[in-house]
Structures are given as structure tokens and as C-alpha cells.
Amino acid sequence: MTDPAINAPSGATSAGAASPAAPVAEAPVQARATPRNQWWDVWDQFRTHRGALLGLACFLLIVVMVVLGPLLWRLDATFIDIRAKNTRHIVACFGLDWGAIISCFLNPAEAEGLKVSWAHPLGTDQLGRDILARMISGGQVSLAVGMTAMALALIVGTGIGVLAGYFKRLDGLLMRFTDLFLALPLLPLLLVIIMLFRDPLRAAFGPAEGIFILIVFVIGITSWMQTARIVRGDVLALKEREFVLAARSIGTPSRRMVTRHILPNVMSPIMVSATLGIANAIITESALSFLGLGFPSDFPTWGRLLFDGTDYLQQYPERVVWPGVFISLAVLSVNYIGDGLRDALDPRIRGR
Amino acid sequence: MLDAAPAKKLVEVDNLKMHFPIQGGILRRQIGAVKAVDGVTFDIFEGETLGLVGESGCGKSTCGRAILRLYELTDGVVKIDGSNIADASTEELRRLRPAMQMVFQDPQASLNPRMTVAAIVGEPLMEHSTMSKADRLARVYELMDAVGLNRDFANRYPHEFSGGQRQRIGIARALALNPKFIVCDEPIAALDVSIQAQVVNLLEDLQEKLGLTYLFISHDLSMVRHIADRVAVMYLGKIVELAPRDALYSGPLHPYTEALLSAVPEPDPSLEAKVERIILQGDVPSPANPPKGCNFSTRCPKVMDICHEIEPEFDEVQPWRFTACHLYKETTNQTASQKAASTEAHKSAQLGEPK
């Protein structure tokens, strides 16, 4: 419909004659053959969301730091250098007199009344273990736990939500099951699960892997209910929309109905749940470690570091501040990414 | 067309019933049923357009959807091209789907907002053919040409189109599998008048080109008069009259049809003054609790005692003209002669009425 308008000037400028206008009009239609992959549109829209880009950059930075960090910072997270114990972080130099700050940064070993060192820029703990190294390896565990637990919760929650919403026969059963999980008191449940399964899993998979599986499972299994409820509600509403009826009149079977029509349309709430889920999982893991229920004490995670740091909050606040800052940063950046992604995935918002 | 050798029956609907259960009480047991479609019988011949008219809530759309078995039928037989779809299994039904398609009322709601036009129009092809991606795209372009959509729009989303264009997308989707039979469920109700004409003309052109058969559901009597070959009038889940278009519009038999037609505005002001409007009293009874006897007996201006007692049969009272009304039953059991006289009187009165 817009063709004549577009092609009229090009036809006029090309030769001035009427005859070349027809092939000119024909050519672009043929050339514009394959539609562009819509993920490019998603990316284009995502790029316009400044918060999301910032969040993505921040999150990637954290990921790169914890993944590549051990290659650059070769100190072992569990190496005990007892003589360097209780070293302050380098930022503590700012606490000195004005004149002494620069010399403290340049030559920390000679700083008056302050134990700082470039060998341990974030300081050491009460046993002389390097906090930067512990932050890096703790970040690996925390992020891995956060993302796997979120993925687990999301898969379970979305699966149950879609099944309950789409298949009326399963609805009552699955939703009562969800209510059952919602009604369980979380902390006592976690205590019981961890007490019961910690040792067998450790024996089966090794101390670190066993507890990783346990924590991921525990967090995943206790946080899928919100997603399930939200998804079910949305599916129930979507199921009555005419395009689902239209797909049925075409003969689309149920499984493809779900994957093609239902799931893309419940993407927004799932996205939101997912980003909140990562945040929640990291925080729950921190809380578990904080309570002493998570990973063993010689196995650093951000939550564990936070827990260990609280005893020294008065003298060495940095031991609490650094893990706290990184947890918050990771959570915040993921939330922004989720926000941007949700907008980008909705074609109605795209391009505005 | 009707005088010619009888064309092949493409769609045969026999005693179609679609009841929706009403649940109530603590145990959510079924305490009744909304009889949305309650025993409908008609045939559609190959290449014709059957108009299905009636007021809101009389079961037109439900009937259309039930014929394509988008609902599980309560009772009845629906044969499309010889195969009974009322009791076909899911797999059989899926194989039969390409022959019958549907154009929906609300073009906005019937298109998935997250799919591009190419994906929407290509979906039936994806489900029912093993075309390669390139072939499918070529076919999508062909269909877009057929319904008058610019090929450049293939990669756009439904919200970027106007109502008329969206309806064209819906029509293109319905055409994708070369169906024989299309149910048009008020395809023009959500469009404004200038676009209505475009879409109806498009439907007519396509019918001519592709030899389609339509069930055209509408409440717009003048549009049905324009497009349909035969017209069925529905009231409260039942067909009260089925007749060739011209015969129906010039001399309706059933009192409800008469009342319905009298509501069509007359464009000529000099004639408008002369038109005698039949205004029905009262409301449509609830389809959950239809009246005893004839469904229309509560509002019929020509109601008789028998109407409250016995449900009229849906019979061919004149060649090609079916109606369900006691006015035309000469062979009902009691007081036959008396009734026959009154019927004759009515008939002559009606036929004499200038229209």
C-alpha cells in the first residue's frame, strides 16, 4: 500500500520515463525476502533501556571478575598467612591524617598505627586469609547458587503454573499442592532438610558439590510457588483469548499451543520472577550461610563472608561491607536486566 | 442457483446441540445448562454462502464454533465433506482441520500479539505441511497478496495494523490451507462501515476465485442480504426460519423474522414513514430456562394456545423454505381444520403485505 508513495520519487528521478518505474517497484519486494530475526529487534529495544544496559555491564563485570579473577589474583582463598592476620583494607588509608594518606598508599608497610598492605588490598581475616581471594571464590559459589536455584524455581514454577492454568483437570490438584508449599514454614523446613540430607549428599558428591546441590535444591524448592501462581493466573486469562481459539481451529496440538502461544505471552511475569528469583536465591544462600547452615566454614561464599565478618563489625567493618556491596550490586543489576528484557520482549512496547 | 441441479452438500448439520453446564451448590454439581444451541439442522451446499442471523446471544457464534468443533458438542451430527467431525478423535480432527477454517469477530483478539504477520499466516502451514522455510515464506507472501496486504508488512506485529488490515491477516490465515469451508464469525462487526465493505468484497472475490463455501454469521441484516445465498434466522438457540435470500427478505414466514426485518432501517425517507415496525414486547428468555412449547411464544405477536404447549417442528413448508412455526402446520393433531383456516388467513395476509 505504501509502495507507490515510496517508489514514485525513485521512478521519477531514475530516468524520468514511465517505463522503468515498474521494474523499480518490483525489485525491492523481491529483495526484501527473508524477514529479520526478531531477536535483533529485542536487542535493539534492550539497548534503549539505559538502566538495563548499565545493569548488564555491571553484571558482566562481576561475572568476569569471579570467573577470571583466580587467574589474575593467584592467592588461594584458604591459604592462611597468620602473620598478615587482621590486615585492614587499603581504603583504610583514608582514615589517616591528610599528610599521611598519600604515603600510606605509596608505602603501606610504613603507615603509622595501621596494618595495610598491597599484598592484601581488601585486607585479611582473623586467620590471615586474603579477603579479595575469598570474595572471588565466594562470588563463584554465590552466583552459581543464585542462577541455578532461580532456574530450578523458574522451571518448576512455570511448569506447574502452565499445567494448572491450561489443563483444567490438573488445576485443583496442582494449586492445592502449591498452597501446601506456601504454608510450610520455611526456616524449620530448611533446618530439617539440611540436617537430614547434608551428610548423605556430602558422602555421595564430595563436601562442596554435595552441599551445593543441597542448597540449590532447597532454595529452588521453596521459591517456585509465587511464579506458579502468577503464571497460572495469566494462563487462565490467556486461554480464553480468541487467538488461542484460532490456533485450535487450525489444529495446533496442546504442547505447541503452550510453547507458541501461551509461554511467549506469559514471558513478562516470568521475567520479573526470574530476576527477583536470582536476587532472592543469593540472599537466601547468604542467609543460610549466615545462620551457619550453608557451606562449611572454610568454604567462602558472599553470605558466609558476611556471617564471619559480623563478629568484627566494630573493628573491621570492611569485612561486612565488601560482601554486602557485591550482593546488592549483583541483585540490583539483575533486576535492571530483567526490567529491560521484559520490555524488549514485548512487541507492543518495542520501538517506543 | 437453487433451481439448478442440486449442488453437493458440503456441510450437513443435524440436530446440533451445544449446552453449557451451570454448576452450583457446595459440591459444584451441575444444576442446569445454558442451551446456547438447541437442536439446529441445516445443510450448506458447495460454493454457497449461508447467512446466519439473529440478535445478540441467540447462539450464532456458538453454533459456528460448534460446527468446527471448537467446543465439545452435547449432541448432534456435523458432517463436513462427508466426514462426521462430531465424534472424530483428536488425531482425525487434526487431519480434517485444513478443510474448515474460521475468520473471527475481533481481529485484534484473534491474532497473537507476540507473533509477526508471517508467523501468524504461516502457522497453519507449519502445522499441516512439511514445507521448507523458504517455501512457507513464499506461500505467506502469496496469501498476503491475495488479501491485499503489502508484502513488506510480513515482519510486523498485529498491533501495528488498523482493524481492516488485521482482519485481512485473519482471512489470510484462514486461507492458508486451501480450505473448502470457512465460518465467518461476524468478521465485519468490529470494523467501521467503509472497511466493512472492503472486507466483504474481499470475501466475495475470494469465494469466486477459490470456490469457497461460507457460513456467514452476522447481525447485520443488510450485509447478509448482500453476501448470502440463503439465510437462516436464529432465535434462542434454534433456527426459526431458513430460506433463500430473496424469498426471505421479500416475504418472511416466521413472525420473528418478520419482526427482525421490520427493524432494518429504510434509507428512503418517503418509504420510511410507511414502514410498519413490529416492536416485540418483553425480553429474550434465558437460554438456561427456555419457555415451554415454542421458544418465541413469550413474545410472538401471533401467538396461539398451541404455541405454549407444543414445540413446532422445523419443516419445509414451501419448496426450499423451512420454518418452525405452528402457523404453517396444517396437520397438527387437534382442531386441525380451525387452525388450518387461521393459517391460511395468515399466509394470505402476509403474502399480500407489500414489502
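Residues numbered from 1 in each chain as written. Chains lettered and ligands numbered in written order. Predicted model: local features only at pLDDT ≥ 70, side-chain atom pairs only at ≥ 80, totals over all residues. Heavy atoms only, no water.

### Concerning the overall build of chain B
Looking only at helices and strands, chain B features eleven helices and twelve strands. On C-alpha atoms alone, chain B measures out to a radius of gyration of 22 Å, which is about the 20 Å that the 2.2 N^0.38 rule sets for 355 residues. On the principal axes, the C-alpha backbone points of chain B span a range of 70 × 60 × 45 Å. Burial analysis of chain B (355 residues in total) assigns 52% to the buried set. Contacts spanning at least 24 positions in sequence make up 63% of the contacts within chain B whose residues lie at least 6 apart. As displayed, chain B offers around 15700 Å² of accessible surface, 51% of which is attributable to carbon and sulfur atoms. (Helix = DSSP H or I, 4+ residues; strand = E, 2+ residues; numbered from the N terminus. Rg over C-alpha atoms; globule rule 2.2 N^0.38 Å. Buried < 20%, exposed > 50% of the residue type's maximum accessible area, 1.4 Å probe, protein only. Contact = heavy atoms within 4.5 Å. Areas by Shrake-Rupley, 256 points an atom, 1.4 Å probe, with all protein chains shown as cover.)

### Considerations on the environment of Ala92 of chain A
All names here are of chain A. Considering the arrangement of structural elements, one finds Ala92 in the loop between α4 (50-72) and α5 (98-106). Given a relative accessible area of 13%, Ala92 falls into the buried group. Along the chain, Ala92 and Phe105 lie 13 residues apart, while their C-alpha atoms are 9.7 Å from each other. Excluding anything up to four places from it in sequence, Ala92 contacts Leu114 and Val116.

### Considering helix α13 (residues 267-290) of chain A
The end-to-end C-alpha distance of α13 of chain A is 34 Å, a good match for the 34 Å that 24 residues give at a rise of 1.5 Å each. Immediately beyond the C-terminal end of α13 of chain A, within one or two residues, lies Gly292 of chain A, with a positive phi of roughly 85 degrees. (Expected span 1.5 Å × (residues − 1).)

### A short note on the interface of chain A and chain B
Taken together, the contact between chain A and chain B spans 35 residues of the former and 35 residues of the latter. Summing both partners gives a buried area of about 3200 Å² for chain A against chain B, and 50% of it is carried by carbon and sulfur. The shortest N-O distance in the salt bridge between Arg260 of chain A and Glu123 of chain B comes to 2.9 Å. At the boundary of chain A with chain B, the tally comes to 17 residue pairs in polar contact (both at pLDDT 80 or more). Broken down by secondary-structure element, the contributors of at least two residues to the side of chain A that touches chain B are α2 (21-31), α11 (242-250), α12 (254-265) and α13 of chain A. Split into classes, the residues belonging to the side of chain A that touches chain B amount to 14 nonpolar, ten polar and eleven charged. (Buried area = accessible area lost by both parts, 1.4 Å probe. Salt bridge = Lys/Arg side-chain N within 4 Å of Asp/Glu carboxyl O. Polar contact = N/O pair within 3.5 Å; in protein donor to acceptor, adjacent residues only side chain to side chain. Nonpolar A, V, L, I, M, F, W, Y, C, P; charged D, E, K, R; others polar.)

### A look at the packing of helix α6 (residues 131-166) of chain A against α13 of chain A
All names here are of chain A. At a minimum axis distance of 8 Å, the contact between α6 and α13 shows a crossing angle of 135 degrees. The orientation of α6 with respect to α13, classified from their angle, is oblique. Read as a crossing pair, α6 and α13 show a hand that is right-handed. Residues Ser142, Leu143, Val145, Gly146, Met147, Ala149, Met150, Leu154 and Thr158 of α6 lie in contact with α13, whose contacting residues are Ile270, Ser273, Ala274, Gly277, Ile278, Ala281, Ile282 and Glu285. Each residue belonging to the contact of α6 with α13 can be placed in one class, and the counts come to eleven nonpolar, five polar and one charged. (Axes fitted to C-alpha atoms, helices over the stretch in contact; angles between N-to-C directions. Parallel < 35°, antiparallel > 145°, perpendicular 65-115°, else oblique. Left-handed = near helix turned anticlockwise from the far one by under 90°.)

### A short note on the side chain of Arg173 of chain B
Topologically, Arg173 of chain B is positioned in helix α5 (residues 163-175). Buried and unpaired, Arg173 of chain B has Glu123 of chain B as its nearest opposite-charge partner, separated by 5.2 Å. Setting aside residues up to four positions removed in sequence, Arg173 of chain B forms contacts with Ala246 and Ile250 of chain A together with Gln101, Phe104, Ser110, Leu111, Ile120, Val121 and Pro124 of chain B. (Lys, Arg positive; Asp, Glu negative; His and termini not counted.)

### Some remarks on the packing of α5 of chain B against helix α6 (residues 193-210) of chain B
Residues and elements named next belong to chain B. Between α5 and α6, the least distance of the axes is 10 Å, while the angle of their chain directions is 20 degrees. Here α5 is positioned roughly parallel relative to α6, judged by the angle of their axes. When the axes of α5 and α6 are compared, the crossing they make is right-handed. Residues Gly164, Gln167, Arg168, Ile171 and Leu175 of α5 form the contact with α6, whose participating residues are Ile195, Gln198, Val199, Leu202, Leu203, Leu206 and Leu210.

### Here we look at the sheet that holds strand β1 (residues 9-24) of chain B
Within a sheet, neighbouring strands are paired by backbone hydrogen bonds and run either parallel or antiparallel to one another. Residue and element names in this part refer to chain B. Read from one edge of the open sheet, four strands run β2-β1-β4-β5, paired in antiparallel fashion. Only two strands of the sheet have a single partner each, and these edge strands are β2 (29-45) and β5 (83-84). Here strand β4 (residues 75-80) pairs with β5 via two bridges, running antiparallel. Looking at the pairing, Lys79 lines up with Asn84 of β5. Where helix α1 (residues 60-67) meets the sheet, it contacts β1, β2 and β4, and its direction lies at approximately 115 degrees from that of β1. (Pairing = 2+ DSSP bridges.)

So yeah, pure geometry; function would need other evidence.
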